[in-house]
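Residue-level structure breakdown
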Amino acid sequence: MKAQKYSKEGKLLSEIELPAALFESKYSSGAIYDAIKAENANLRSGNHHTKTRSEVSGGGKKPWSQKGTGRARQGSIRAPQWVGGGTVHGPRKRDYSYNVSPKVKRRAVLSVLNKKAQDAVIKVVEDLDPKEFSTKAFATLFSNIGLKNTGVIGFVVGGENDFLKKSVRNIPTVKYINSKRIAVRDILYNRNLVITEAALGEILKHYGEGK
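Residues numbered from 1 in each chain as written. Predicted model: local features only at pLDDT ≥ 70, side-chain atom pairs only at ≥ 80, totals over all residues. Heavy atoms only, no water.

When two helices pack together, you describe them by how their axes are tilted relative to each other and by the distance separating the axes. The geometry of helix 2 (residues 29-42) relative to helix 3 (residues 102-118) is characterised by a closest axis approach of 8 Å and an angle of 110° between their N-to-C directions. Considering the angle they form, helix 2 stands roughly perpendicular to helix 3. In the packing of helix 2 onto helix 3, the handedness of the crossing is left-handed. Contact with helix 2, carried on its side by Ala31, Ile32, Asp34, Ala35 and Glu39, involves Val104, Lys105, Arg107, Ala108, Ser111 and Val112 of helix 3 and no other residues of that element. Of the residues assigned to the contact of helix 2 with helix 3, the class counts are six nonpolar, one polar and four charged. (Axes fitted to C-alpha atoms, helices over the stretch in contact; angles between N-to-C directions. Helix = DSSP H or I, 4+ residues; strand = E, 2+ residues; numbered from the N terminus. Parallel < 35°, antiparallel > 145°, perpendicular 65-115°, else oblique. Left-handed = near helix turned anticlockwise from the far one by under 90°. Contact = heavy atoms within 4.5 Å. Nonpolar A, V, L, I, M, F, W, Y, C, P; charged D, E, K, R; others polar.)

Quick look at the structure:
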């Protein structure tokens, strides 16, 4: 599979062959589903919590006598039928997170990359190493590549660069993605994928065939 390669300024340089170890794998919708489901679950805080009758304050004394009052018998104001009483079968704090196997994660990443390559929405750019903050420079880069007003752009870079990260975060349609911490949902939910040469090498190192 091939992709267009651009300079740091967004000038078309050539058409390159994408690494076969990444882009000649079988597509697996099941792996993508499992990976996305796990990532969504891991984003849940799970801090919802209601108090049972044992956790509500008060209620140490029987509200009234068992007999003789004409009212229904009650044992505690912490009972669930009382206003302010405990909740029955309410939500409790829990950990929703779980992990998929590295094999499934790798298959999901490769499946998404292959689908993007088949749709011809992957662009490769030279390594970027800005020395100052400039949102305008990156907005111009994406515009020169031809991605202005084309929807969400997944921007995959190799490692962390504060100048780069803070420059693109003000562009609402750009999703900054560190190639060392790829989430399947980040590379899947976009119209176009822009990958730097360093990021492509990093992805090949971690997800290439034989890993």
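Per the stated rule, a full pass over the model turns up seven salt bridges. Across the pair Lys5 and Glu197 runs a salt bridge whose closest N-O atoms are separated by 2.6 Å. With Lys5 in strand 1 (residues 2-6) and Glu197 in helix 7 (residues 197-207), this pair connects stretches of sequence that are 192 residues apart. A relative accessible area of 33% places Glu197 in the partly exposed class. When the shortest N-O distance is used, the salt bridge between Asp186 and Lys175 registers 4.0 Å. In this pair, Asp186 is assigned in helix 6 (residues 184-188) and Lys175 in strand 5 (residues 174-178), connecting sequence segments eleven residues apart. The partly exposed category is assigned to Lys175, whose relative accessible area is 37%. Salt bridges linked by common partners bring Glu160, Lys165 and Arg181 together as one network. (Salt bridge = Lys/Arg side-chain N within 4 Å of Asp/Glu carboxyl O. Buried < 20%, exposed > 50% of the residue type's maximum accessible area, 1.4 Å probe, protein only.)

Right, let's get into the packing of aromatic side chains. As enumerated under the stated definition, the model contains four aromatic pairs in all. For the ring pair Trp64 and Trp82, a centre distance of 5.9 Å and an interplane angle of 40° mean the geometry is tilted. Placement of Trp64 in the loop between helix 2 and helix 3 and of Trp82 in the loop between helix 2 and helix 3 is noted, with a sequence separation of 18 residues between them. Here the aromatic rings of Phe142 and Phe155 are separated by 5.2 Å at their centres, their planes lie at 90°, and the arrangement is edge-to-face. In this pair, Phe142 sits in helix 4 (residues 135-145) while Phe155 sits in strand 4 (residues 153-157), placing the two residues 13 residues apart along the sequence. Taken individually, Phe142 and Phe155 each receive the classification buried, so the pair is uniform in this respect. Members of the aromatic cluster, joined through ring pairs, are Phe138, Phe142 and Phe155. (Phe/Tyr/Trp six-rings, centres within 6.5 Å; stacked < 30°, edge-to-face > 60°.)

The subject of this paragraph is the domain arrangement of the protein chain. Split into domains, the protein chain comes out as domain 1 (2-41 + 99-208) and domain 2 (49-92). Using only C-alpha atoms to locate each centre, domain 1 and domain 2 end up separated by 56 Å. (Domains from an automatic or database assignment.)

In terms of strand pairing, strand 1 meets strand 2 (residues 12-17) through five bridges, oriented antiparallel. Within the sheet, the bridge partner assigned to Ala3 lies in strand 2 and is Ile16. Adjacent in sequence and paired antiparallel, strand 1 and strand 2 are bridged by five residues, among which Gly10 carries a positive phi angle near 95°. (Pairing = 2+ DSSP bridges.)

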